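Structure at a glance
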Amino acid sequence: MNAWDSLEDELRAATRRAARRRFRPFAAHRRRPPWLASAAGLAAAVIVLLVAVRGDGPGTIPADERAVASPTAAAVAPQLPSGLSVSRSPVPADQLAAFAVLRRPQTPGEQSEVLALFKGVKGERYAGIRADAIRVLARTRGEIAALVPMERGRFGPDTNTDVLDPLCLLRAKGRGYGLTCGALADVLAGQVRWTRPPAGLAPDVAARVRLRVRGGRTITLTPRNNFYDAAAIDPSLVGLQPPRWINADGDHVRLTPTPTPTPAPSPATTPQAMPELDAKDLRATPVAPDDASLKEALSLLDDSHKVVRAWKVRGLQGHVLLTRKGGQWCLSTPDPLTDHPDAERGVGCVPDSRFQRRGAYVGLVPADGKNRITVTVKPDQRTIRIRQR
C-alpha cells in the first residue's frame, strides 16, 4: 500500500463516521458541531478528486512519474571518445562573409556524419572543432567532401605552433579520410586544396576556377557549394599551381583578407621538402592484393579500382598499388609529404595498349623540385622500380 491508498482509506473512514452521525436523533443532530458537516462534504470531494487524479478506473490516463530534465539546463559541448574537443563557438565574421555555404542552415546529419570520422584521431592535433559550422560540400563517387572549421590546430612539421581559426577541407570514403587545413589567408590564396586530382575550397567571388595541370593543360571549373573538383573531368589530373579565381565578369581576382589577430602562419605557405631517402627505404615488399593493411590505401580510391599488385614501401609511408579501372591500368603511390600518406595518393592511369608497351609511371615532385621520386611498374606487372633523384 502506498501513501495515496492510505490517505484514501482514511478519508473514506471519515465519511462513514460522518454519515452515521447524520442518522442519530434530531436533538443530537442539532448538537453536532457546525464544522463536522463541512468536513464530511470536503472529504467526499477529496475522494472524488483523488480517484480522478489516480486514474484507477477504466479508460483513465495513469500519471507519469518519470523524471523530466529541466529545459533550462546548460548545454554541454560533446566530447568524442578519442578526447578530440568540439566547440559551439561561431566562425569568425570574415570567414562567414567569404563562404556562402557557412551562411546556410546546417542540414540534418551533416554534423554527426563528419564528426564520426574523427573518432580514431588521437592527441590534440585538432582542437575545438566548430560542430555547428560543419558543412558537407559534395557527395560523388562514394566520397564526401566537407568543410570543417576549427578554433585551432597543429599542422605540418611544427607541432608546437597553433594555427588559429583554421578552415579544413575533408575528403572521406568509407571510414578513411584525408584532411588539408589552413588559415583564411591560405584559402583565399588557393592553398587549401588537393592536387591529385585537383579539388579545393573556393570563395564566393570565384564564379569559375582556372587550373594549370600536368601536361601543359589549363582547365576551368565551376565551383558549387564553395568547392571545386576536377575528378569529374579526369580523375588522373594532377594540379601544378594554386588555382586562380575568375569573377562573374571574367576577370582574374586576387584576394587579400582583412588582417586578423592570427599570428601563426599556416605551414601550407611553406612547402615541405622531400627528405633524401636511403635505397633500402625505397625497397618494395610485395603484399597480397586482398591484405587488410591496404584498407587506408584504398579509402579514397574509386570503387572501380581493382587491385592487381601491391607493395609496401617504408620510405613512402604506405603502399604502391597497381589497379585496373575499366580499360585502364592505374598506378598510385603514397604522398609522404601529406598528413595521411597512405590515403592521400598520387594516381596515374594509362590505357591498356600503352601499359602493355611501357607499363605505368607516377612521379612525386615536391614544390622545390628536389629529391623527386619516380615509381615505374613494367608490363609484366611484377617489376617495380622506385628511384629518387
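Only a predicted model underlies this, so the values are computations on that prediction, with no experimental measurement involved.

**A closer look at unusual backbone geometry**
- Here the residue pair R196 and P197 is connected by a cis peptide bond, since its omega of -15° sits within 30 degrees of zero.
- Residue placement: P197 occurs in the loop between strand 8 (193-195) and strand 9 (198-201).
- Although it is not a glycine, D165 adopts a positive phi angle of roughly 50°.
- The residue D165 is located in the loop between strand 5 (163-164) and strand 6 (167-173) in this model.
- Here D165 falls in the partly exposed class, since its relative accessible area comes to 22%.
- For Q317, which is not glycine, the phi dihedral falls at a positive 60°.
- Residue placement: Q317 occurs in the loop between strand 16 (306-313) and strand 17 (318-325).
- Classification of Q317 as partly exposed rests on a relative accessible area of 45%.

**Concerning the confidence of the model for the protein chain**
- Of the residues in the protein chain, 70% have a pLDDT of 70 or more, and the chain-wide mean is 75.
- Note that pLDDT drops below 50 for residues 22-82; the model gives that stretch 35 contacts with residues more than four away or on any other chain.

**Comments concerning the environment of P289**
- For P289, the position within the fold is in the loop between strand 15 (284-287) and helix 7 (295-298).
- Separated by 19 residues in the primary sequence, P289 and V308 place their C-alpha atoms 6.2 Å from one another.
- Excluding its chain neighbours within four sequence positions, the residues that come into contact with P289 are L294, V307 and V308.

**Thoughts on the pattern of salt bridges**
- Within this structure, the stated rule accounts for eleven salt bridges.
- Linking R130 and D165 is a salt bridge whose minimum nitrogen-to-oxygen distance equals 3.1 Å. With a gap of 35 residues between them, R130 in strand 2 (residues 126-130) and D165 in the loop between strand 5 and strand 6 connect regions that are remote in the sequence.
- Ionic pairing is found between R314 and D281, a salt bridge with its closest N-O pair at 2.8 Å. Of the two residues, R314 sits in the loop between strand 16 and strand 17 while D281 sits in the loop between strand 14 (252-253) and strand 15, which places them 33 residues apart along the sequence.
- Accessibility expressed as a relative area gives 54% for R314, which makes it exposed.
- A cluster of three or more residues bridged by salt bridges with shared partners is formed by E143, R171 and D229.

**Regarding the sheet that holds strand 21 (residues 373-377)**
- With respect to topology, three strands assemble into an open sheet ordered 20-21-22, the strand pairing being antiparallel. At either end of the open sheet lies a strand with only one pairing partner, and these are strand 20 (360-364) and strand 22 (384-388). Along the sheet, successive strands turn relative to each other by an average axial angle of 10°, direction set aside.
- When strand 21 meets strand 22, the two strands line up antiparallel, connected through five bridges. Opposite V377, over in strand 22, you have I384 as the bridge partner.

**Description of the side chain of T323**
- Along the chain, T323 falls in strand 17.
- Using a relative accessible area of 1% as the deciding quantity, one classes T323 as buried.
- At a separation of 2.9 Å, a polar atom in the side chain of T323 contacts the side chain of H305.
- The contact partners of T323, leaving out residues within four places of it in the chain, are H305, K306, V307, V308, Q328, W329 and C330.

**A closer look at the environment of W245**
- One can find W245 in strand 13 (residues 244-246).
- A relative accessible area of 2% places W245 in the buried class.
- A polar contact is formed between the side chain of W245 and the backbone oxygen of L188, at a distance of 2.8 Å.

**As for the pairing of strand 19 (residues 345-351)**
- For strand 19, the tally of buried residues reaches six of seven residues, placing the bulk of the element in the interior.
- For strand 18 (residues 328-334) and strand 19, the ladder comprises seven bridges, and the chain directions are antiparallel. Opposite T333, over in strand 19, you have G346 as the bridge partner.

**Side note on the side chain of T333**
- With respect to the secondary-structure elements, T333 resides in strand 18.
- For T333, the contacting residues outside a window of four places in its chain are H319, V320, E344, R345, G346, V362, L364 and V375.

About the thresholds
Residues numbered from 1 in each chain as written. Predicted model: local features only at pLDDT ≥ 70, side-chain atom pairs only at ≥ 80, totals over all residues. Heavy atoms only, no water. Helix = DSSP H or I, 4+ residues; strand = E, 2+ residues; numbered from the N terminus. Buried < 20%, exposed > 50% of the residue type's maximum accessible area, 1.4 Å probe, protein only. pLDDT = per-residue confidence, 0-100. Contact = heavy atoms within 4.5 Å. Salt bridge = Lys/Arg side-chain N within 4 Å of Asp/Glu carboxyl O. Pairing = 2+ DSSP bridges. Axes fitted to C-alpha atoms, helices over the stretch in contact; angles between N-to-C directions. Polar contact = N/O pair within 3.5 Å; in protein donor to acceptor, adjacent residues only side chain to side chain.

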